[in-house]
Amino acid sequence: MSPSSSKIPYGGDYNPEQWPQEFWDADHRLFTRAGIDTLTVGVFSWSVTQPAEDTYDFTVLDRVLDRAAAEGRQVCLATGTAALPPWLAKAYPEVNRTDFEGRRHRYGQRHNFCPSSPAYRARATAMAARLAERYAEHPALLAWHINNEYGGVCYCDLCADAFRHWLRNKYVTLDALNDAWWTTFWSHRYTSFEEIEPPNALTEHWRGPDHTAFQGITLDYFRFTTDALLGCFLAEKEVIRTHDPVTPVTTNFMGMFRPLDYHRWAPHLDFASWDSYPPLDAPPTRAALAHDLMRGLKDGAPFWLMEQTPSTTACRDVNPLRRPGELRLTTFQAIAHGADAALYFQMRASRGACEKYHGAVIGHAGRDDTRVFREVAALGVELETLGDATLGARTPARTALLFDWDSWWALEISDGPSRLVKYQEVVHAYYRAAREAGADVDVVPHTADLTPYDVVLAPVLHMVKGDLAARLEAVAERGGTVLATFLSGRVDEHDRAFLTDVPGPLAPLMGIRIDEWDSRQAEFAQPIPQLASAGRLVFEIVQPRGAETVATYGSDFYAGTPAVTRNAYGRGEGWYVATALDQPGVDQVVRRVLSRHDLIGPYADHEGLETAARVAPGGARLLFLLNHAAQPAGLTAHTTATDLLSGKKVEAGDPLTLDPLGVAVLRAH
Ligand code: GLA
Ligand code: ZN
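Since we're looking at a predicted model, the values are computed, not measured.

Trainee: Even after reading the chapter, I still don't get the coordination of the zinc ion (ligand 2), so can you show me in this structure?
Mentor: Put simply, a metal with four donors set out as a tetrahedron has ideal angles of 109.5 degrees, and one with six donors set out as an octahedron has ideal angles of 90 or 180 degrees. Around the zinc ion (ligand 2), the donor atoms from the protein are Cys114 (SG), Cys154 (SG), Cys156 (SG) and Cys159 (SG), and they sit 2.3 Å away. Taken together, the four donor atoms coordinating the zinc ion (ligand 2) and their angles of 102 to 117 degrees define a geometry best described as tetrahedral.

Next up, the structure:
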């Protein structure tokens, strides 16, 4: 269930309670000029709507919503429970978090409530209930936005108790827990749940959150934190539902955000939404990967782009400006990957505090003749033109990439083989290779149905759970290809090593055995001659057990042993890459896999050109062409189609030119 709309909702975070009402007329005049039809309201208004424990005051919010409705705009209404009012923290100090070092915080900042605090929970749900009661029938209401960017960890005594309760539910007996965490190691056998402490700097950790003596407890604390914050979300959702059974509910995620396993949240959202602030200088595939991960949360259903900056961020040391045309390109990139809404943070710039320099559609001077405003308005016209053409469209991917928070956590909190291997980087390298070869990719959880896919990429799948190995074998059995990499198939769901040859349950499919692995500093490059490329960080020493060697290590005592293998399995293949290949090496391997299934796209050799397909509910096939290069892209059309943005028709074989940063949305005839 996602919000129904006749076009892509366009707008963003709007906090008019932060400035005098005289400005509101100008705000709405400018919104109309820019084609803004959707406002996210109330994200940080708790201290206005509840100035004291026993005082609620919705006068301002009423005006904001009524005004939106009068102007024909829709509202994504936030419950505002991510930033506490000072009175709450003063009256109930336990709502403030205790940090990793064990320090109880005092009032300040935002996104900092203890998820286990009944005082917080009661007041947050009371606020959500009052909002739902008041605005469920409001004509402007389009969607509910619970809280904001859930995240962070608390180690207070309330959380310790909640953790013990969570463990009792999960393990039932202490024997099961002791076995899972392997506690006989270092004399840790627990004899009572009360003896268990949250893993932090005062207990199991040294050097920080990734250095733990017991991976089992640390992993469970990640899972517990995911569930504890999810509990806060669910409590608010439940009270909203008592007053409003229909309006779709979401909360804004952060893409590849390590602290929370969004796959555990996904079933509880009516639709997924997320805030895109790609790392500085990241290639375009980085944002694309996060979009595809978010689309994968609800089984491929479209998501909302809840926030992006129209121009610049403020929180980084260095905050580059988005170049002319970049905003349009990133917005269409989001749409190409499944976004059914395009929203900004923020509509008008804050006058004070830490985000006063954060980009906004309307700057401090309130002008409509700035470059940013003009670009926003031009995009508004294009989205109007696009109408409902892309709404509800699905991605017809035949390649899946497995993304697994447990593997991410387990890999990065492991002592050995290497602290230098970063989950996101390896996953991104494989994703990038597939995308740049022109394949659409679904980024899916390990529990996903794999039957629609010809190719399944499983980079650094450190933890293998449930029946996954059998389902991967089934992919190969019927002719598909499965690719796994170094440090895959190492541990079970409790981070215990498999008592078999590496790569554990993946070994039969890969046709290999690994007894040893080497790891080296980042500067060291191990030549891989057959790929004219290099491997880094980790070098597993592979013994083929049925697999054929595709490429070998070029130096050291394991020179000549396989770095890349391919195993015939059923009618398909299992590929294994035993080292962190550099990008050109990954590209070659992935292209060989994709070409076996005819999945290399027609524009794979155009550097900087991204393609993405969607199929609209009526069956129309949409092809997005996105030119990330600073030069024009000269292409040839492959089908007869109409560009929905320019209205121009192209026949197969016609030349097709994209401007630098240019976009085309081709609807095939
Ligand atoms: C996040 C938050 C917003 C704002 C922006 C600034 O995404 O949700 O409230 O702070 O960052 O980039
Ligand atoms: Zn706590």
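Trainee: I keep staring at the sheet that holds strand β17 (residues 548-552) and nothing clicks. Help me out?
Mentor: Paired through their backbone hydrogen bonds, the strands of a sheet run either parallel or antiparallel. If you walk across this open sheet you meet the seven strands as β11-β10-β12-β13-β19-β18-β17, and the pairing is mixed. In this open sheet, the two edge strands, each paired with only one partner strand, are β11 (441-444) and β17. Averaged over neighbouring strand pairs, the angle between their axes works out to 20 degrees when direction is ignored. Of the pairings in the sheet, the one linking strand β13 (residues 481-485) to strand β19 (residues 572-577) comprises five bridges and is parallel in character. Residue Thr481 lies in a different strand from β19, and its bridge partner there is Glu573. Relative to the sheet, helix α15 (residues 468-477) contacts β10 (399-402), β12 (455-458), β13, β18 (562-569) and β19, its axis offset from that of β13 by approximately 135 degrees. Here helix α17 (residues 583-596) sits on the sheet in contact with β10, β12, β13, β17, β18 and β19, set at roughly 175 degrees to β19.

Trainee: Teacher, can you tell me more about the sheet that holds strand β24 (residues 641-643) here?
Mentor: Taking strand neighbours across the sheet as the criterion, the five strands line up as β21-β22-β27-β24-β25 in an open arrangement whose pairing is antiparallel. Where the open sheet ends on each side, the last strands, each with one partner, are β21 (609-615) and β25 (649-650). Sheet analysis places strand β22 (residues 621-627) next to strand β27 (residues 663-668), joined by five bridges and oriented antiparallel. Among the inter-strand pairings, Leu622 is bridged to a residue of β27, identified as Arg667. Along the sheet face, helix α11 (residues 326-336) touches β21, β22 and β27 and points at about 150 degrees away from the line of β22.

Trainee: Explain the pattern of salt bridges to me, please; I cannot follow it from the model alone.
Mentor: Note that side chains of opposite charge can pair when their charged atoms are close. A complete count under the given rule lists 48 salt bridges for this structure. Asp161 is the salt-bridge partner of Arg164, the closest N and O atoms lying 2.8 Å from each other. With Arg164 and Asp161 both in helix α6 (residues 157-171), this residue pair falls three residues apart, about one helical turn. Judged by its relative accessible area of 45%, Asp161 falls in the partly exposed class.

Trainee: Would you take a moment to explain the environment of Tyr14 for this structure?
Mentor: Tracing the chain through its elements places Tyr14 in strand β1 (residues 10-14). Each C-alpha atom, one on Tyr14 and one on Ala349, is 9.4 Å from the other, the two residues being 335 residues apart in sequence. Filtering out sequence-adjacent residues up to four positions away, Tyr14 remains in contact with Trp19, Trp24, Asp27, His28, Phe31, Leu39, Thr40, Val41, Gly42 and Met347.

Trainee: Sorry if this is basic, but what is going on with a nonpolar patch on the surface here?
Mentor: Together, Trp182, Phe185 and Trp186 line one region of the surface with nonpolar side chains, adding up to about 420 Å² of accessible area. Of note, Phe185 is situated in the loop between α7 (174-181) and α8 (215-243). Exposure remark for Phe185: the relative accessible area of 41% places this residue in the partly exposed category.

Trainee: Help me out: how do you make sense of the packing of aromatic side chains in this one?
Mentor: Each aromatic ring pair is summarised here by two numbers: the centre-to-centre distance and the angle between the ring planes. Under the definition given, this model contains 39 aromatic pairs. Judged by centre distance (5.8 Å) and plane angle (75 degrees), the rings of Phe100 and Tyr155 are edge-to-face. Note that Phe100 is positioned in the loop between α4 (86-91) and α5 (118-135) and Tyr155 in the loop between β4 (141-145) and α6, a separation of 55 residues in sequence. Here the aromatic rings of Phe185 and Trp186 are separated by 4.9 Å at their centres, their planes lie at 20 degrees, and the arrangement is stacked. Above the plane of the ring of Trp19 lies Arg348, whose end atom (NZ or CZ) is 5.9 Å from the centre. Lying across the ring of Trp517, Arg490 places its NZ or CZ 4.0 Å from the centre.

Trainee: I'm lost on the site of ligand 1 in this one. Help?
Mentor: The full set of residues close to ligand 1 is Phe44, Arg110, Asn148, Glu149, Asn252, Asp275, Tyr277, Glu307, Phe345, Glu355 and His358. Side-chain polar atom of Glu307 to an oxygen atom of ligand 1: 2.4 Å apart, as the coordinates give it. For ligand 1, whose unbound accessible area comes to 310 Å², protein coverage reaches 95%. Partitioned by chemical class, the residues of the shell around ligand 1 number three nonpolar, three polar and five charged.

Trainee: How should I be thinking about unusual backbone geometry in this particular structure?
Mentor: Most peptide bonds take the trans form, and the phi angle of most residues other than glycine is negative. Along the chain, Phe345 connects to Gln346 via a cis peptide bond; the corresponding omega equals 20 degrees. One can find Gln346 in the loop between β9 (339-344) and α12 (371-386). Cis geometry marks the peptide bond from Val502 to Pro503, where omega comes out at 5 degrees. Within the secondary structure layout, Pro503 lies in the loop between β13 and α16 (507-510). Its identity is not glycine, yet Trp182 carries a phi of approximately 60 degrees, on the positive side. In this fold, Trp182 is placed in the loop between α7 and α8.

Trainee: Would you mind going over the domain arrangement of the chain with me for this structure?
Mentor: Reports often express the size of an interface as the amount of accessible area lost when the parts come together. As assigned here, the chain comprises domain 1 (10-150 + 219-386), domain 2 (157-217), domain 3 (399-596) and domain 4 (609-668). Contact residues are listed per partner, giving 12 residues for domain 2 and eight residues for domain 3. Between domain 2 and domain 3, the buried area comes to about 820 Å², and carbon and sulfur atoms account for 48% of it. The tally of links between domain 2 and domain 3 comes to one salt bridge. Arg496 serves as the salt-bridge partner of Asp179, at 3.2 Å between the closest nitrogen and oxygen.

Trainee: I keep staring at the environment of Gly11 and nothing clicks. Help me out?
Mentor: Checked against the element boundaries, Gly11 lands in strand β1. Gly11 sits in the buried class, given a relative accessible area of 0%. Discounting chain neighbours no more than four positions away, the residues touching Gly11 are Ile36, Thr38, Ala342, Leu343, Tyr344 and Met347.

Trainee: Would you take a moment to explain α17 for this structure?
Mentor: Because an α-helix completes one turn every 3.6 residues, residues spaced three or four positions apart along the sequence face the same direction. The end-to-end C-alpha distance of α17, which contains 14 residues, comes to 20 Å, matching closely the 20 Å that a straight helix rising 1.5 Å per residue would cover. Among the residues making up α17, those that are buried are Gly585, Val586, Val589, Val590, Val593 and Leu594. Projected onto a plane normal to the axis of α17, the buried residues spread over an arc of 160 degrees and lie on a single side. Asp598 sits one or two positions beyond α17 and adopts a positive phi of about 60 degrees.

Trainee: Sorry if this is basic, but what is going on with the pairing of β10 here?
Mentor: The two faces of the sheet receive side chains in turn, since in a regular strand these alternate between them. By the alternation rule, side chains of β10 split into Thr399 and Leu401 and Ala400 and Leu402, which are all buried. Relative to β12, β10 is paired through three bridges, and the arrangement is parallel. Across the sheet, the residue bridging to Thr399 is Val455, located in β12.

Trainee: Help me understand the nonpolar core, please; the structure alone is not making it clear to me.
Mentor: The nonpolar side chains of soluble globular proteins are, as a tendency, buried together. Phe332 and Val564 are the most contacted members of the largest nonpolar core, which totals 174 residues. The residues touching Phe332, leaving out its near neighbours within four places in the chain, are Leu379, Glu382, Leu383, Leu386, Phe624, Leu626, Leu645, Val663 and Val665. Listed in part, the 23 residues of the second largest apolar core include Cys154, Tyr155, Trp166 and Tyr221.

Rules and cut-offs
- Residues numbered from 1 in each chain as written.
- Chains lettered and ligands numbered in written order.
- Predicted model: local features only at pLDDT ≥ 70, side-chain atom pairs only at ≥ 80, totals over all residues.
- Heavy atoms only, no water.
- Donors = N, O, S within 2.8 Å, 3.2 Å for Na, K, Ca; no water.
- Tetrahedral: all angles 85-135°; square planar, octahedral: opposite > 155°, others 65-115°.
- Pairing = 2+ DSSP bridges.
- Helix = DSSP H or I, 4+ residues; strand = E, 2+ residues; numbered from the N terminus.
- Axes fitted to C-alpha atoms, helices over the stretch in contact; angles between N-to-C directions.
- Contact = heavy atoms within 4.5 Å.
- Salt bridge = Lys/Arg side-chain N within 4 Å of Asp/Glu carboxyl O.
- Buried < 20%, exposed > 50% of the residue type's maximum accessible area, 1.4 Å probe, protein only.
- Patch = residues over 30% accessible without salt bridge, like charges linked within 9 Å, V, L, I, M, F, W, Y side chains within 5 Å.
- Areas by Shrake-Rupley, 256 points an atom, 1.4 Å probe, with all protein chains shown as cover.
- Phe/Tyr/Trp six-rings, centres within 6.5 Å; stacked < 30°, edge-to-face > 60°.
- Lys NZ or Arg CZ within 6 Å of the ring centre and 35° of its normal.
- Near = heavy atom within 4 Å.
- Polar contact = N/O pair within 3.5 Å; in protein donor to acceptor, adjacent residues only side chain to side chain.
- Nonpolar A, V, L, I, M, F, W, Y, C, P; charged D, E, K, R; others polar.
- Domains from an automatic or database assignment.
- Buried area = accessible area lost by both parts, 1.4 Å probe.
- Expected span 1.5 Å × (residues − 1).
- Arc of directions from axis to C-beta.
- Core = buried A, V, L, I, M, F, W, Y, C linked by side-chain atoms within 4.5 Å.

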